[in-house]
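Understanding the architecture of this molecule
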Amino acid sequence: MTHFDEKDLLTRELRERSSDVGGHPIGFDAVRSSARRIRRRRTIVAGAVAVAVAGVALPTGLAVTSAFDPDGRQTPDRIATSPTPDTAPSPAPTPRADGTFPLTVHGLPRGEEAGVRYVIRDAKELETPAGTVDLPEAYSMITPYNDGWLAVGSSRNPEAVIMLDASLEVTHTDPAGGFDLAVSDDGSHVAYTVRESGDRVLLVNAPTDGADVVTWPVDVPGGESLDPVGFLDDDTVVYNSDAGDVMGIARAGGSLTPIEGVLRVDDASEAAGLISVLVSYGVDGGCSGVQDPTSGALLWKSCDHSNLRFSPDGRLVVADASYFDGPGSPTLSVLDARTGEEVVTFTPERRNTVVGVSQAVWENDETVLAHVDEGGDQAMVRLGTDGATEAVTDVVTVRDMSLALWFAEHPRR
Amino acid sequence: MQLVIEGAATGMEREQAAARSTRDAEFEQYMAARQPSLLRTAYLLTGDQHSAEDLVQTSLAKLYLAWDKVQRREMLDGYVRRIMVNENNSLWRRAWKRKEVTTDEVPDRVGTSDRPDHGESSALWEFVQTLPRKQRAVVVLRYYEDLSESEVAETLGISVGTVKSQSSRALAALRERVHTRPILARDGEEER
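Predicted model, so just to flag it, every value in this text is computed and none were measured.

**Re the overall build of chain B**
Check the secondary structure of chain B and you find 9 helices and 0 strands. Reading chain B from its N terminus to its C terminus gives the helix and strand order α-α-α-α-α-α-α-α-α. A total of 192 residues make up chain B; the buried ones form 40% of that total. Long-range contacts, defined here as pairs at least 24 residues apart, represent 61% of the contacts in chain B between residues at least 6 apart.

**A short note on the environment of G187 of chain A**
Residue and element names in this part refer to chain A. By secondary structure assignment, the location of G187 is in the loop between β9 (182–183) and β10 (189–195). Overall, the presence of 12 C-beta atoms within 10 Å leaves G187 in the exposed class. Remark: the alpha-carbon pair of G187 and D234, spanning 47 residues in sequence, is separated by 9.6 Å.

**Regarding the pairing of strand β25 (residues 355–362) of chain A**
Residues and elements named next belong to chain A. Judged by how many residues are buried, β25 sits mostly within the fold: 7 of 8 residues are covered. Bridge analysis of β25 against strand β26 (residues 367–374) gives 7 bridges, and the strand direction is antiparallel. Bridging from a neighbouring strand, A360 pairs with A370 of β26. Connecting β25 to the antiparallel partner β26 that follows it, the hairpin turn spans 4 residues.

**Details of unusual backbone geometry**
The backbone of D147 of chain A sits at a positive phi, close to 65 degrees, despite the residue not being glycine. Note that D147 of chain A resides in the loop between β5 (141–145) and β6 (148–152).

**A word on the packing of helix α1 (residues 6–19) of chain A against helix α6 (residues 133–144) of chain B**
Put simply, α1 of chain A and α6 of chain B touch, their axes get as near as 9 Å, and they point 95 degrees apart. As judged from the angle between their axes, α1 of chain A and α6 of chain B are roughly perpendicular. Residues K7, L10, T11, L14, R15 and S18 of chain A of α1 of chain A lie in contact with α6 of chain B, whose contacting residues are V139, V140, Y143 and Y144 of chain B. By residue class, the composition of the contact of α1 of chain A with α6 of chain B is 6 nonpolar, 2 polar and 2 charged.

**Quick look at α6 of chain B**
All names here are of chain B. Here α6 is 12 residues long and its end C-alpha atoms lie 15 Å apart, about the 16 Å a rise of 1.5 Å per residue gives. Counting buried positions along α6 gives 10 out of 12 residues, so the element sits mostly inside the fold. Within α6 the residues assigned to the buried category are Q135, R136, A137, V138, V139, V140, L141, R142, Y143 and Y144.

**Regarding helix α7 (residues 149–156) of chain B**
Residues and elements named next belong to chain B. Of all 8 residues that make up α7, 6 are buried, and the element is covered over most of its length. Of the positions making up α7, those classed as buried are E151, V152, A153, E154, T155 and L156. Among the residues trailing α7, G157 stands out with phi positive, at a value near 70 degrees.

**Observations concerning the sheet that holds strand β4 (residues 131–134) of chain A**
Residues and elements named next belong to chain A. Read from one edge of the open sheet, 4 strands run β4-β3-β2-β30, paired in antiparallel fashion. This sheet does not close on itself; its edge strands, each paired only once, are β4 and β30 (405–407). Across the sheet, the mean angle separating the axes of adjacent strands is 25 degrees when strand polarity is ignored. Two strands pair when backbone bridges link them, and strand β2 (residues 118–120) and β30 are joined in this way by 3 bridges, in the antiparallel orientation. Within the sheet, the bridge partner assigned to Y118 lies in β30 and is F407.

**Structural notes on the sheet that holds strand β14 (residues 236–241) of chain A**
Residues and elements named next belong to chain A. A sheet is described by the order of its strands in space; here 4 strands give the open sequence β13-β14-β15-β16, paired in antiparallel fashion. Edge strands, defined here as strands with exactly one partner in the open sheet, are β13 (226–233) and β16 (256–258). Across the sheet, the axes of successive neighbouring strands diverge by a mean angle of 25 degrees, strand direction being ignored. Where β14 lies against strand β15 (residues 248–250), 3 bridges are found, and the strand directions are antiparallel. Each residue of the ladder has a partner; that of Y239, found in β15, is G248.

**Topic: the packing of helix α2 (residues 49–66) of chain B against helix α3 (residues 76–89) of chain B**
Each packed pair of helices is defined by two parameters, the angle between the axes and the distance between the axes. Residues and elements named next belong to chain B. Put simply, α2 and α3 touch, their axes get as near as 9 Å, and they point 130 degrees apart. Between α2 and α3, the crossing angle belongs to the class labelled oblique. Once α2 is placed against α3, the crossing between them reads as right-handed. Listed contacts from α3 to L55, T58, S59, K62 and L63 of α2 are Y79, V80, I83, M84, E87 and N88. Split by residue class, the contact of α2 with α3 holds 6 nonpolar, 3 polar and 2 charged.

**A few points about the nonpolar core**
Core analysis: the biggest nonpolar cluster contains 137 residues, and L203 and V381 of chain A have the highest contact counts within it. Broken down by element, this core gets its largest block of residues, 8 residues, from α2 of chain B. Both domain 1 (1–107) and domain 2 (116–192) of chain B contribute no fewer than three residues apiece to this core. Among residues more than four places away in sequence, those in contact with L203 of chain A are A191, T193, T215, W216, V218, L226, P228, V237, Y239 and A250 of chain A.

**Section: the pairing of strand β11 (residues 200–207) of chain A**
Residues and elements named next belong to chain A. Pairing of β10 with β11, which is carried by 7 bridges, proceeds in the antiparallel orientation. Paired with H189 across the two strands is P207, which belongs to β11. Hairpin connection, β10 to β11: the antiparallel pair is bridged by 4 residues. Two strands pair when backbone bridges link them, and β11 and strand β12 (residues 214–219) are joined in this way by 6 bridges, in the antiparallel orientation. Counted as the bridge partner of N205 is V214 from β12.

**So, the environment of Y323 of chain A**
The topology assignment puts Y323 of chain A in the loop between β22 (316–321) and β23 (332–336). Sequence separation of Y323 of chain A and S306 of chain A is 17 residues, and the distance between their C-alpha atoms is 7.9 Å.

**Quick word on the confidence of the model for chain B**
Residues and elements named next belong to chain B. Mean pLDDT over chain B stands at 72; residues scoring 70 or higher make up 70%. In the predicted structure, residues 91–118 sits below a pLDDT of 50 and forms 33 contacts with residues beyond four places in sequence or in another chain. Long-range and interchain partners of residues 184–192, a stretch whose pLDDT sits below 50, account for 17 contacts in this model, where long-range means more than four residues apart. Under the prediction, the complex receives an ipTM of 0.73, its pTM being 0.68.

Quick notes on the rules
- Residues numbered from 1 in each chain as written.
- Chains lettered and ligands numbered in written order.
- Predicted model: local features only at pLDDT ≥ 70, side-chain atom pairs only at ≥ 80, totals over all residues.
- Helix = DSSP H or I, 4+ residues; strand = E, 2+ residues; numbered from the N terminus.
- Buried ≥ 20, exposed ≤ 12 C-beta atoms within 10 Å, placed from the backbone.
- Contact = placed C-beta atoms within 7 Å.
- Pairing = 2+ DSSP bridges.
- Axes fitted to C-alpha atoms, helices over the stretch in contact; angles between N-to-C directions.
- Parallel < 35°, antiparallel > 145°, perpendicular 65-115°, else oblique.
- Nonpolar A, V, L, I, M, F, W, Y, C, P; charged D, E, K, R; others polar.
- Expected span 1.5 Å × (residues − 1).
- Left-handed = near helix turned anticlockwise from the far one by under 90°.
- Core = buried A, V, L, I, M, F, W, Y, C linked by C-beta atoms within 7 Å.
- Domains from an automatic or database assignment.
- pLDDT = per-residue confidence, 0-100.

Structure below.
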């Protein structure tokens, strides 16, 4: 056995290697020029959003466009603080002059509890529509399975797929092949990955009633992770890898069909039979779009949005901005899944605070739940496809950019 | 009356210009103080000088745009570090890098050094460069920046468990590499 401390070796090498780094000092003018270029691009994007939003009729039929206020005055009712979920439906919200709606955690009316499961980090609690579950650990992802739970990643066993019984006792663990799991729309199936050896990962499709699983072996170069992205039907799983070129569709019967010509798959829709993909990249972000996986045809693409996730009915996608700042995406948009047309866009309420969405998931066909950080104040917010917003949790202030909570069945990008 | 209004407007403009100037001076001061350190971290993340400079410039530009919004100044370092790591891990840079890698270009060697190199150092550096991008970010933040596991997790927006697993995988790979290339360990043994 060689006696050496590999941590020290690594630290010393990194320090020595970087000690030689000098290069050309970056001047303030160069930084300011870069900042102007980025701002110009963001302004163009924001302008395009305003034009698009102002001209689109909402699929829910709510009269947002007709309620458009040409003077750009914000409706005072929207930021009232006291309405309760039992009150009569509020009037349709009014967008700002640029056609967008405010993205904020402050001054929102309180809405109902979340309709999806989420983990509260510090309390190690899983909040579900049926009540609170005290977890042994704050699992990275967790979903109901075989009258118990299936989890991926924990602090004690970080790289593992963990099965727990109804009393939350661990019954089985496997080495994980990635960091994510994917759940079918009706919750009847869950997909995850198990590492068989260095470069060999097993993609698993498991009925959540505990019936026999279906597996596909996938070779992933360099020991990279492999993750399920979503389902196209109960028997068909879409997968993705950090290895770059390893992405495809696993079908019943054992076949693996590679997805080609894209850089990454972000989501799959059972209802629409479509996938969302990253198709190209640019200086300050990439271009994403929606693809028909059967024909390989790209239905549309947008260079203003990224990480497109389908609504349960497959008619809409929720999208991040094409670029991220520190805490996450600075805007959130809902687009028509078949055309890419903007339906609604949320942009920061306060100009002097960094706002970022760390995670956003569909709660139902008409509402999105987002975890929003506004200058260190974090909360879960419900965003309607009609532009309405309400608070789902209290505001928690974090000092260190950590996440107070995350959605239990959705990956953190 | 008109004179009063014009005078007020000019005063307001002066105030705005003064505020902008103070803001820029403050940013420049921060930039000058932190740039060498950011460049070193960026170099370790990217593996070459050109990409490192580009990464730092873009990250500082994004920080400049958000300067007024980061109200808690003690969060500046964490904020810019997070921008830098996110930017480096961004899909377009990964894709760009993949395209560059296919040209088989040898990564830049930075400057020159008088320290003796018997081969173990470059072998170690080669090892670092083979690490998957996220794992490499964990290694750099943990073992170079000396951040705690929870600080690394916060910077990367991942769980502490993932930080643990990624760093232990990197160390395991290094250990395995040492068994096949014992020269890597020589430095450490000589010092004992």
